[in-house]
Each structure stands twice: as C-alpha cells, then as structure tokens.
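Chain by chain, the residues:
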Amino acid sequence: MLLAVTRDVSPRFNECEITHIERSPINVETARTQHHEYIQILKELGCAVLELPAQSDLPDSVFVEDTAVILREAALLTRPGADSRKPETESIAQALAPYREIVRIQPPATVDGGDVLVLGKNIFVGMSTRSTTSAIDQMNQLLGKYGYKTQGVELHDCLHLKSAATRTDDNNTLLINRSWVDIKTFDGYELIDIDPSEPFAANCLPINGSIIFPTAFPKTTAKLEARGYQVKPVVVDELAKAEGAVTCCSLIVS
C-alpha cells in the first residue's frame, strides 16, 4: 500500500511565498476544505494517509512535497530556497524516519522538492529561483551510490520544474508545458502537451493507475482521457492561489 504524507493548512496560509503569480486573498477555510477533499481522494485511490498537524508559524507548510524527495532506497531531505520554509523539514524528517534512511542537503545549497522530477534512475532538477547547482552536486554525491544520476533543467516563467512537467504513469510519459521547459531535456520520453489555453495544467499526480488532476483544466483533462487515463478530478483553486498544485500537497512513499 502506498503511504501519502500530508500536512494540514496553516492558519497563516495567506502569508505564503509568491513568486510568479499576482497575490490574491486566500480563503483559508476553503483551502482547508479543498485539502481535506484531496486527502479523501488519496484514500479512495488506496493510499494510507499520514495526516500531520498544521504548523501555525509556517505558512507554506501544507506543500510537503518541497521538503523531501522519496526514493526506494532513501528519503532526501531538501533545504528549501525560501528562508521562511527552511524550518519545515525537521518534522518531515521525523515522519519519514520509520520508512526510509534519511539523507540531507547541506548549506549553503538549496533545492525545493517541487523542482525534482524522478524518472527511474534519472533525476531532473529545475534551475528555478529556489534550487541551486550546488544542490545537484550534493544529490549526485548522496544518491549516486544508489545508481541515480542528477542533472539540472533550465526553466522559464514558472515556480518549479513540476509546474512544467510531471509523470502521468510509470512508463516514462510526461505531461508537459513546453513553453516553460526545454523539451530536448526529455529526449526518449513520451510527451503529452497540455492545452495551450491552460498553462498551469502540467502538474498531475499518478496514483495506483489513476491521475489526480485539477478541475480547472478541462481541455487538458480531455486530452488525458483521450489517451486512456482515468482522471480523478479535484478542486484546488484556493490552494493554487499560493502557487500550489496536486503534487505539492503530499509525499508518496511506496
């Protein structure tokens, strides 16, 4: 059974970090409701969910993906690029310790988990404002012994690599916004282009043969369904006001 680690929405969610979109007021109670519905979908798809309590002093802490990268052999604790988010990792380390060996990115390097796309033994790291080349060097040192190779990917106009490309399944297929990332990086992978009218639609979460995907992107949903994917719709528009997406809100431990 898959384990999904989640964390409740902070009461200070309105103070979240914003980089590439205009800040707009967030209804925290609505965000909590949407997050709880997201958790229910994880459970419906067969995940056991470890629900961590909200961290009231850490506005972005619902986005647990940025704190760790889960591999079969280890969990890499990140060092988030935004100073306000660096304290988020310690409680995540405690939650993951029973399931994985913990390895850590050391200062001054920074990397957000949302910038890390794992495709088999290849790890791609988005060169965003949150992640540095020294983190890639450390990842090659820490994870190379398990056979992983880590490389940087140039990004344009988006927060994280997983804003521009995510896995749709375990068969090397990616959902991608080619306006935000150089697709030559992914030679050899099958690419599904988002609908161009939905630039934020490249973030999806495959779970046990289905795809968790926002209701905000019906045209891209239709493209996925036409390819035979079982799409599980979820409303996350309030979470999206904090530059969040469906991969951001859980850490999946297999």
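These notes cover the structure that comes with them. (Residues numbered from 1 in each chain as written. Predicted model: local features only at pLDDT ≥ 70, side-chain atom pairs only at ≥ 80, totals over all residues. Heavy atoms only, no water.)

**Focus on the packing of aromatic side chains**
Step number 1: Applying the stated criterion across every chain, the model contains 6 aromatic pairs.
Step number 2: Ring plane angle 75 degrees and centroid distance 5.2 Å describe the contact between W180 and F200, whose orientation is recorded as edge-to-face. With a gap of 20 residues between them, W180 in the loop between strand 10 (173-176) and strand 11 (190-193) and F200 in the loop between strand 11 and strand 12 (205-207) connect regions that are remote in the sequence.
Step number 3: Here F213 and F217 contribute two aromatic rings whose centre-to-centre distance is 6.0 Å and whose plane-to-plane angle is 55 degrees, an arrangement assigned as tilted. With respect to class, F213 is no different from F217; both count as buried.
Step number 4: Through a chain of ring-to-ring contacts, the aromatic side chains of F124, F186 and Y189 assemble into a single cluster. (Phe/Tyr/Trp six-rings, centres within 6.5 Å; stacked < 30°, edge-to-face > 60°. Helix = DSSP H or I, 4+ residues; strand = E, 2+ residues; numbered from the N terminus. Buried < 20%, exposed > 50% of the residue type's maximum accessible area, 1.4 Å probe, protein only.)

**Remarks on unusual backbone geometry**
Step number 1: For the peptide bond that leads from P107 to P108, omega is 10 degrees, which places it in the cis range.
Step number 2: Relative to the elements of secondary structure, P108 occurs in the loop between strand 5 (102-104) and strand 6 (116-119).
Step number 3: With phi around 50 degrees, N208 is a residue other than glycine that occupies positive phi space.
Step number 4: Mapped onto the secondary structure, N208 falls in the loop between strand 12 and strand 13 (210-214).

**Here's the deal with the sheet that holds strand 7 (residues 122-126)**
Step number 1: Strand order in the open sheet formed by 3 strands is 6-7-8, with mixed pairing between adjacent strands. Taken across any chain shown, the strands that pair with only one partner, and hence form the sheet edges, are strand 6 and strand 8 (149-153). Neighbour-to-neighbour, the strand axes of this sheet turn through a mean angle of 25 degrees, independent of strand direction.
Step number 2: Direction of pairing for strand 7 relative to strand 8: parallel, over a ladder of 5 bridges. Note on strand 8: the bridge partner recorded for G126 is V153. (Pairing = 2+ DSSP bridges. Axes fitted to C-alpha atoms, helices over the stretch in contact; angles between N-to-C directions.)

**Re the nonpolar core**
Step number 1: The biggest cluster of nonpolar side chains holds 28 residues, and the ones touching the most others in it are F13, Y38, L42, I207 and I212.
Step number 2: Looking at this core, the elements with two or more residues in it are helix 1 (28-44) and strand 12.
Step number 3: For this core, the leading source of residues is helix 1, giving 6 residues.
Step number 4: With residues near it in sequence (within four places) discarded, L42 still touches A4, T6, C47, V49, L205, I207, I212, S250 and I252.
Step number 5: The next biggest cluster of nonpolar side chains, apart from the first, holds 18 residues, and it includes L76, V103, I105 and L143. (Core = buried A, V, L, I, M, F, W, Y, C linked by side-chain atoms within 4.5 Å. Contact = heavy atoms within 4.5 Å.)

By themselves, these are just geometric observations and shouldn't be taken as functional.
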